[in-house]
Protein chains: 2
Amino acid sequence: MTRRSADERREELIEAAIRVMIRDGVARTTTRAIVGEAGLPLGAFHYCFRSKEELLQSVIERIMVRALGPAVASVAEGAPTEEVVRTTLHAYWDRIRQHPDEHLLTYELTQYALRQPELAELARRQYQHYLEVSHSSLETMAQLAGIEWSVPLPVLARLALGVLDGLTLTWLLDRDDAQADAALEEYANYLLSVAKPRQH
Amino acid sequence: MTRRSADERREELIEAAIRVMIRDGVARTTTRAIVGEAGLPLGAFHYCFRSKEELLQSVIERIMVRALGPAVASVAEGAPTEEVVRTTLHAYWDRIRQHPDEHLLTYELTQYALRQPELAELARRQYQHYLEVSHSSLETMAQLAGIEWSVPLPVLARLALGVLDGLTLTWLLDRDDAQADAALEEYANYLLSVAKPRQH
DNA sequence: GTCTATAATGGGATAGAC
DNA sequence: GTCTATCCCATTATAGAC
């Protein structure tokens, strides 16, 4: 029996849509392509989703959450600041390197969402969320290394998000591993330069 | 006489297409919308351009070149490093703030170009060009301030492009001027920290 | 060269049999 | 609930009158 519940079908269609988007781009992700990828008849689409837009909303929510996940690496408390910073940055970068197409899709979906009045707010909230993750990631680093940042956290968090986002975008275009590593290393040096011993 | 040459019509259609893309997004920029914006009949399109794709190529080339322009501000040679750095960064940032929608379109078009096999290479070359501009901008700053950078220029250039690109993208989403300025200011501090007196 | 009318395609959505 | 067949629309592109 290959009978699936409506919820399972929704799930299948969301994942199929993501695969098609990664492979062919958002513009070419038609309802026909999605159901084809999922091995379902075209009619199945519209008793799982009211419209294509409703599916896209689900896709955007899922892919944007997935783009972050556990961003902080496991480092022992009390480790040297240098190790904490480098390990955290490399953990982020490994995720990018392992799923480049998925991250490219993240940018594409952000652009797409901004153009849909009903989805624009979702895109903005997502970047707000990214800022919060950046913020808490820096806090975790400070705690693990037993330091504090000499730059206000909101400013440092925004700069961090910008650096990582920008380096990611450039790397997605030229895939220059050596240069990306070198730039990330230099950013690590900067972070170390604004780490100060904690005040008691 | 409102007679125009074919070249002038091409020009009008390119500019009309850019206006529509800024207003409605790339996906909604149909040939009908473009000729409508230009005040031309639909038929005019296809004796100015072989296809929609050909127009898009022209649009991408133009908008990407326009996104840069004179990136370096006019600063007197021998000015203090701090002034050179801050003036240059503010010149860049003013451009963003004055034409936010155009810059958002730049990101959208980069994504679009990457999905078109014939345009993907154009997108990559453009980021290569951005890296070169970043490189030469840093060189100009060093010369004006009479310093040299203690970080290898290719690394510094990639980091600079990343920072500016990333901060731009975040600001385009949340339009938080104060936070963007603060982050840019902190990046200026970083640049000053890697500026060293020139060796003779 | 210029424009109108129309072709040809592919899309989202739905009707209705099972 | 499930799927087939179909509708209806918007799109790019072209044919052909002027």
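Residues numbered from 1 in each chain as written. Chains lettered and ligands numbered in written order. Predicted model: local features only at pLDDT ≥ 70, side-chain atom pairs only at ≥ 80, totals over all residues. Heavy atoms only, no water.

Asker: Could you give an account of the interface of chain B and chain A, with specific residues and numbers?
Answerer: In this complex, chain B contributes 43 residues to the contact, which on the side of chain A involves 43 residues. Together chain B and chain A conceal approximately 3700 Å² of surface at their shared face, both sides included; 61% is due to carbon and sulfur atoms. In terms of surface lost to chain A, no three residues of chain B exceed B:Arg115, B:Arg158 and B:Leu173, which account for 24% of the buried area on that side. A:Glu108 serves as the salt-bridge partner of B:Arg115, at 3.1 Å between the closest nitrogen and oxygen. Applying the counting criterion to the chain B and chain A interface returns 14 residue pairs in polar contact (both at pLDDT 80 or more). Elements that contribute at least two residues to the side of chain B that touches chain A include exactly helix 1 (6-24), helix 5 (100-115), helix 6 (117-145), helix 7 (153-174) and helix 8 (177-193) of chain B. It is helix 7 of chain B that provides the largest number of residues to the side of chain B that touches chain A, a total of 15 residues. Within the side of chain B that touches chain A, the residues separate by chemical class into 24 nonpolar, eight polar and eleven charged. (Contact = heavy atoms within 4.5 Å. Buried area = accessible area lost by both parts, 1.4 Å probe. Salt bridge = Lys/Arg side-chain N within 4 Å of Asp/Glu carboxyl O. Polar contact = N/O pair within 3.5 Å; in protein donor to acceptor, adjacent residues only side chain to side chain. Helix = DSSP H or I, 4+ residues; strand = E, 2+ residues; numbered from the N terminus. Nonpolar A, V, L, I, M, F, W, Y, C, P; charged D, E, K, R; others polar.)

Asker: Now, about unusual backbone geometry: what can you tell me, with residues and values included?
Answerer: All names here are of chain A. In this model, Arg175 sits at a positive phi of 50°, which is unusual for a non-glycine residue. Structurally, Arg175 is set in the loop between helix 7 (153-174) and helix 8 (177-193). What makes Arg175 partly exposed here is its relative accessible area of 37%. (Buried < 20%, exposed > 50% of the residue type's maximum accessible area, 1.4 Å probe, protein only.)

Asker: Lay out the protein's contact with DNA strand C with the relevant residues and their values.
Answerer: Taken together, 13 residues lie around DNA strand C, and A:Thr31, A:Arg32, A:His46, A:Lys52 and B:Arg9 are the ones closest in. Of all DNA strand C atoms lying within 4 Å of any protein atom, the proportion belonging to sugar or phosphate reaches 59%. Measuring from a phosphate oxygen of DNA strand C, one finds a side-chain N or O atom of A:His46 at 3.1 Å. For DNA strand C, a phosphate oxygen lies 2.9 Å from a polar atom in the side chain of A:Lys52. Its residues assigned to classes, the surface near DNA strand C comprises three nonpolar, five polar and five charged. (Near = heavy atom within 4 Å.)

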